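# Inside the fold
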Amino acid sequence: MMQDAPPPPPIIDCGKHAFFLDFDGTLAEIVARPEEAQITAHMRDLIGRLVDRTDGAVAVVSGRSLADVDRLMSPLVLPVAGSHGSELRGYDGAQQTDTDRKIDPDALQRITGFARQTGLQAEQKPGSAALHYRSAPDRAQDSIALIDDLAATDDRYRAVHGKMVSELALCAHDKGTALAHFANSAPFAGRVPVMVGDDVTDEDGFRRAQALGGMGIKIGAGETIAAHRLNSIGAFSRWLEDIIR
Ligand SMILES: [Mg+2]
């Protein structure tokens, strides 16, 4: 198959841009156990400087819960869209969580039951339930099939298949809706949005950023609608150094 080859992003004036950053695979290497992920001191320092250069127009947009993102970014406290946009905390600290919509207990039970049987990790988040199979990649097909099956039974759900994780998520939120939410308010409003991510769920963010006149930057391999690609987290940090300088 021909792989499309989006060029690397240009060196932009970060003072005119707003940044929406995925966490796993973008700010930190993906690890076997998601709770053990860590951002390097160097990357944290770069993000802190980017915050300064943009008057705070830097948000983390992650499938992780908001609390988890805060723990991983500490001592930085940034605007965060957690759980694929079900939890939002803006620059002003105001938080909104969509607690009205939840995954049904029956569906949840099938996911946790399957995880128990197979030794996988199940994770319940606002707006989604995830099956992590990085510790047992041979369970990928079964995990994907289970989530697809649950998503097919109820049109409030969608299946979200990421790297070594499959999630049953509510349709109401995605990284694109999260980006649009932030893009309307200070300090993001009036800036050109830049969405950076490595995985399938980031495509909603790329699409929305580009629809708003901005750019998507895909980290690593894989098909994408992003206009730009950087091959690794290392390449992303070098690009950050260039635009912050
Ligand atoms: Mg990611």
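Higher on the page you've got the structure.
So, a few notes on the structure that sits alongside this text. (Residues numbered from 1 in each chain as written. Predicted model: local features only at pLDDT ≥ 70, side-chain atom pairs only at ≥ 80, totals over all residues. Heavy atoms only, no water.)

### Quick word on the side chain of His-17
Going by this rule: Secondary structure follows DSSP: runs of H or I at least 4 residues long count as helices, runs of E at least 2 residues long count as strands, and numbering of each begins at the N terminus. Type-normalised accessible area, obtained with a 1.4 Å probe on protein chains alone, sets the label of each residue: buried when under 20%, exposed when over 50%, and partly exposed for intermediate values. Between two residues, a contact is recorded if the distance between any of their heavy atoms is within 4.5 Å.
Within the secondary structure, His-17 sits in strand S1 (residues 17-21). Judged by its relative accessible area of 10%, His-17 is buried. Sequence-distant contacts of His-17, that is, excluding residues within four places in its chain, are made with Ile-12, Thr-54, Ala-57, Arg-191, Val-192 and Val-194.

### Quick notes on the sheet that holds strand S5 (residues 95-97)
The condition is simple: Paired strands are those between which DSSP finds at least two bridges. Axis definition: a line fitted to C-alpha atoms, over the contacting stretch in the case of helices. Angles run 0 to 180 degrees between N-to-C directions.
Pairing within the open sheet is mixed, and its 8 strands lie in the order S5-S4-S3-S2-S1-S10-S11-S12. Pairing within the sheet leaves two strands with one partner each, and these edge strands are S5 and strand S12 (228-230). The average undirected angle you get between the axes of adjacent strands in this sheet is 15°. The sheet contact formed by strand S11 (residues 215-219) and S12 spans 3 bridges and is parallel. Across the sheet, the residue bridging to Ile-219 is Leu-230, located in S12.

### With respect to the packing of helix H3 (residues 105-118) against helix H4 (residues 140-153)
Selection criterion: Note on angle classes: values under 35 degrees are labelled roughly parallel, values over 145 roughly antiparallel, values of 65 to 115 roughly perpendicular, and the remainder oblique. Under the scheme applied here, ten amino acids are nonpolar (Ala, Val, Leu, Ile, Met, Phe, Trp, Tyr, Cys and Pro), four are charged (Asp, Glu, Lys and Arg), and all others, including Gly, are polar.
Viewed as axis vectors pointing N to C, H3 and H4 meet at an angle of 175°, and their least axial separation amounts to 11 Å. Between H3 and H4, the crossing angle belongs to the class labelled roughly antiparallel. Contacts between H3 and H4 involve Ala-107, Arg-110, Ile-111 and Phe-114 from the first element and Asp-142, Ser-143, Leu-146, Ile-147, Asp-149 and Leu-150 from the second. By residue class, the composition of the contact of H3 with H4 is 6 nonpolar, 1 polar and 3 charged.

### Some words on the sheet that holds strand S6 (residues 121-125)
In space, the 4 strands of this open sheet follow the order S6-S7-S9-S8, with antiparallel pairing throughout. Looking along the sheet, the strands with just one partner apiece sit at the ends: S6 and strand S8 (157-162). Sheet twist, expressed as the average angle between the axes of neighbouring strands with direction ignored, equals 15°. The strands touched by H4 are strand S7 (128-132), S8 and strand S9 (165-170); relative to S8, the strand with the most contacts, the crossing angle is about 160°.

### Here's the deal with the packing of aromatic side chains
Put simply, the test is: Any two of the Phe, Tyr and Trp rings considered here, Trp counted by its six-membered ring, make a pair once their centres fall within 6.5 Å; the pair's planes then place it as stacked at under 30 degrees, edge-to-face at over 60, or tilted in between.
A full pass over the atoms with the stated rule returns 3 aromatic pairs. Between the aromatic rings of Phe-182 and Phe-188, the centroid separation amounts to 5.5 Å while the plane-to-plane angle is 40°, which identifies the pairing as tilted. One exposure class covers both Phe-182 and Phe-188, and it is buried. Consider the rings of Phe-236 and Trp-239, whose centres lie 6.3 Å apart with planes at 25°: the pair is stacked. Of this pair, Phe-236 and Trp-239 both sit in helix H7 (residues 233-244), 3 residues apart, roughly one helical turn. With respect to burial, Phe-236 and Trp-239 carry one shared label: buried.

### Here's the deal with the coordination of the magnesium ion
Going by this rule: Here a donor is any nitrogen, oxygen or sulfur atom (N, O, S) within 2.8 Å of the metal, with 3.2 Å used for Na, K and Ca; water is not among the atoms considered, so some sites may look incomplete.
At the metal site, the magnesium ion is ligated by Asp-22 (OD), Asp-24 (O) and Asp-198 (OD), and these contacts range over 2.1 Å. Positions of the donor residues of the magnesium ion, expressed as sequence spacing, correspond to D-x1-D-x173-D. Highlighted residues: Asp-24 in the loop between S1 and helix H1 (41-53) and Asp-198 in the loop between strand S10 (192-197) and helix H6 (202-211), separated in sequence by 174 residues. Asp-198 gets classed as buried once you look at its relative accessible area, which sits at 2%.

### Quick notes on H7
To keep things clear, this is the line we draw: Expected helix span is computed as 1.5 Å times (number of residues minus one).
Relative to the 16 Å expected for 12 residues at 1.5 Å per residue, H7 spans 16 Å between its end C-alpha atoms, a close match to the ideal helical length. Listed as buried for H7 are Ile-233, Ala-235, Phe-236, Ser-237, Trp-239, Leu-240, Ile-243 and Ile-244. Packing partners of the buried residues in H7 comprise S1, H1, S10, S11 and S12.

### Overview of the packing of H1 against H7
We apply this condition: Handedness of a crossing follows from how the near helix is turned relative to the far one, being left-handed for an anticlockwise turn of less than a right angle and right-handed for a clockwise one.
Packing of H1 against H7 brings their axes to within 10 Å, and their N-to-C directions diverge by 35°. Of the two elements, H1 crosses H7, and the hand of that crossing is left-handed. In this structure, H1 uses His-42, Met-43, Leu-46, Ile-47, Arg-49, Leu-50 and Arg-53 to contact H7, whose residues at the interface are Ile-233, Phe-236, Ser-237, Leu-240, Glu-241, Ile-243 and Ile-244. Residue composition of the contact of H1 with H7, grouped by class: 9 nonpolar, 2 polar and 3 charged.

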